[in-house]
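Reading the structure
What follows is the residue order along each chain.
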Amino acid sequence: MTQQTGRRRLGAGGRVLAVVVAALLAGTGCVASGQQPGQATGAVADALAEAGSAGETARLAVELLDQGRITGPVADTTLLDQLHTLDDADFALTTLVPPDAASSDHRTAGLEAVGDVSDAVVAARAWVAARSGGDVAGAQDVPASAEELLSDLATALDTTDAALAEAGGP
């Protein structure tokens, strides 16, 4: 193999790598600024739907733990998974570049709603830890009961539902 043949192979491999990287970047939504108003609002609605689902799953985990139908570690793992989902929803909204004022307003309401659900799920994890005998002496705002926690989750979910309805979601 000559040096020139090796360069041609490397050049072809480099082109393949460039195509693969471009395809990956296109699939990650790195071009949010090119969205049309309806697409941006749809992205907000998708993130809010994910946040609502995470909040409902957290509500169910709290209810089941309160009823003694699941253990503390199962509830905690479930809540942690929901925080990851909420983090993804927050990231989707944070990185969205709205193309118009209406989309920007929907995005702002969405960020607030996702934050409210996240706060309620974090409080749920603290409640689960306290209920399971964990040391939460330094923790602030640990709900005293499942009822209080479920009320906070319901309020956060109502905010999410309202923001989702405004964004044109189901």
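Conventions we followed
- Residues numbered from 1 in each chain as written.
- Predicted model: local features only at pLDDT ≥ 70, side-chain atom pairs only at ≥ 80, totals over all residues.
- Heavy atoms only, no water.
- Helix = DSSP H or I, 4+ residues; strand = E, 2+ residues; numbered from the N terminus.
- Buried < 20%, exposed > 50% of the residue type's maximum accessible area, 1.4 Å probe, protein only.
- Polar contact = N/O pair within 3.5 Å; in protein donor to acceptor, adjacent residues only side chain to side chain.
- Patch = residues over 30% accessible without salt bridge, like charges linked within 9 Å, V, L, I, M, F, W, Y side chains within 5 Å.
- Areas by Shrake-Rupley, 256 points an atom, 1.4 Å probe, with all protein chains shown as cover.
- Salt bridge = Lys/Arg side-chain N within 4 Å of Asp/Glu carboxyl O.
- Lys, Arg positive; Asp, Glu negative; His and termini not counted.
- Charge placed at Lys NZ, Arg CZ, Asp CG, Glu CD.

Quick word on the side chain of Ser103
Examined against the element boundaries, Ser103 turns out to sit in helix H4 (residues 101-131). When its relative accessible area of 1% is taken as the criterion, Ser103 is described as buried. Polar side-chain contacts of Ser103 include one of 2.5 Å to the side chain of Asp100.

What about a negative patch on the surface?
A grouping of Asp46, Glu50, Asp87 and Asp88 is seen on the molecular surface, where their side chains present a negatively charged patch. Every element with two or more residues in the negative patch is listed here: helix H2 (37-66) and helix H3 (72-94). With respect to the helices and strands, the residue Asp46 is situated in helix H2.

Observations regarding the pattern of salt bridges
Using the criterion set out here, one finds three salt bridges in the structure. Between Glu63 and Arg59 there is a salt bridge, and its shortest N-O distance comes to 2.9 Å. Placement of both Glu63 and Arg59 in helix H2 is noted, with a separation of four residues, approximately one turn of the helix. Taking the shortest distance from any N to any O, the salt bridge between Arg125 and Asp76 comes out at 2.7 Å. Here Arg125 is found in helix H4, whereas its partner Asp76 is found in helix H3, with 49 residues between them in sequence. Connected through salt bridges with shared partners, the residues Glu56, Arg59 and Glu63 form a single ionic network.

Interpretation in functional terms is not warranted from these geometric data alone.
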